[in-house]
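One letter stands for each residue in the lines below.
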Amino acid sequence: TLSALGADPIAPRVAPDPVVPTSTIRFTLSVATQVSFTVVDALGRQVAASGPYRLPAGTHHEELPPLQGLPAGRYTLICSTGEQRRSVPFLKTVF
């Protein structure tokens, strides 16, 4: 089960938002599982990805997939496990 730290009990958090080159994804897994991260643009096109990673149960802090070279704008991070998929929108500034 994928849950979050913060106000929304099920979506991962991206911090800081707007993102900077060293932004992190904070999330909690209730069981060990494979996790992958995909970033899509406003048109739903995949623009970055990382994983899958096998992670143990617990709280995790992972770096956002690299976003250098992408224009500033609104993107969505999709976190996927074997059973669940959660998404969270975020803003990217120019860096």
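Per-chain numbering applies: the sequence of each chain, read as written, is numbered from 1 onward. Residues qualify for local features only when their pLDDT is at least 70, as the model is predicted, and side-chain atom pairs are given and counted only at 80 or more; totals for whole chains, interfaces and linings, by contrast, use all residues. Water and hydrogen atoms were dropped before computing side-chain values, which therefore reflect all heavy atoms in the structure.

1. With respect to the side chain of Lys92
Inference 1: Of note, Lys92 is situated in strand S8 (residues 85-92).
Inference 2: Pairing of N or O atoms within 3.5 Å defines a polar contact, subject to two protein rules: one partner must be a possible hydrogen donor and the other a possible acceptor, and residues neighboring in sequence count only if both atoms are side-chain atoms. For Lys92, the side chain forms a polar contact with the main-chain oxygen of Leu70, separated by 2.7 Å. Under the scheme used here, helices are H or I runs from DSSP no shorter than 4 residues and strands are E runs no shorter than 2 residues, and both carry numbers assigned from the N terminus.

2. Comments concerning the sheet that holds strand S4 (residues 33-40)
Inference 1: The strand order S5-S4-S7-S8 describes an open sheet built from four strands, whose pairing is antiparallel. Strand pairing shows two members of the sheet lacking a second neighbour, strand S5 (46-55) and S8, which therefore form its edges. Taking the axes of each pair of neighbouring strands and ignoring which way they run, one obtains an average angle of 15 degrees across the sheet. Whether two strands pair depends on DSSP finding at least two bridges between them. Here, axes are lines fitted to C-alpha atoms. For helices the fit covers the stretch in contact, and angles between N-to-C directions go from 0 to 180 degrees.

3. Observations concerning the nonpolar core
Inference 1: Remark: nonpolar core denotes a set of buried residues (Ala, Val, Leu, Ile, Met, Phe, Trp, Tyr, Cys) joined through side-chain atoms within 4.5 Å. Burial classes: relative accessible area under 20% of the type maximum marks a residue as buried, over 50% as exposed, and values in between as partly exposed (1.4 Å probe, protein chains only). Ranked by internal contacts, the top residues of the largest apolar core, which has 15 residues, are Ile25, Phe27, Phe37, Val39, Leu77 and Phe90.
Inference 2: Every element with two or more residues in this core is listed here: strand S3 (24-29), S4, S5, strand S7 (73-80) and S8.

4. Some remarks on the confidence of the model for the chain
Inference 1: On average, residues of the chain score 79 in pLDDT, and 76% of them are at 70 or above.
Inference 2: Summary of the metric used: pLDDT quantifies the predictor's per-residue confidence within the range 0 to 100. Element-level pLDDT for the chain is lowest in strand S1 (residues 2-3), with a mean of 44, against a maximum mean of 93 in S4.
Inference 3: Any two residues whose heavy atoms approach within 4.5 Å are treated as being in contact. Contacts of residues 1-11 to residues separated by more than four positions or lying in other chains number 29 contacts, the stretch itself having pLDDT below 50.

5. A short note on the environment of Glu63
Inference 1: Within the secondary structure, Glu63 sits in strand S6 (residues 58-63).
Inference 2: As for Glu63 and Ser50, which are separated by 13 residues in sequence, their C-alpha atoms are 9.5 Å apart.
Inference 3: Here Glu63 is in contact with Ser23, Thr24 and Ile25, once residues within four sequence places are set aside.

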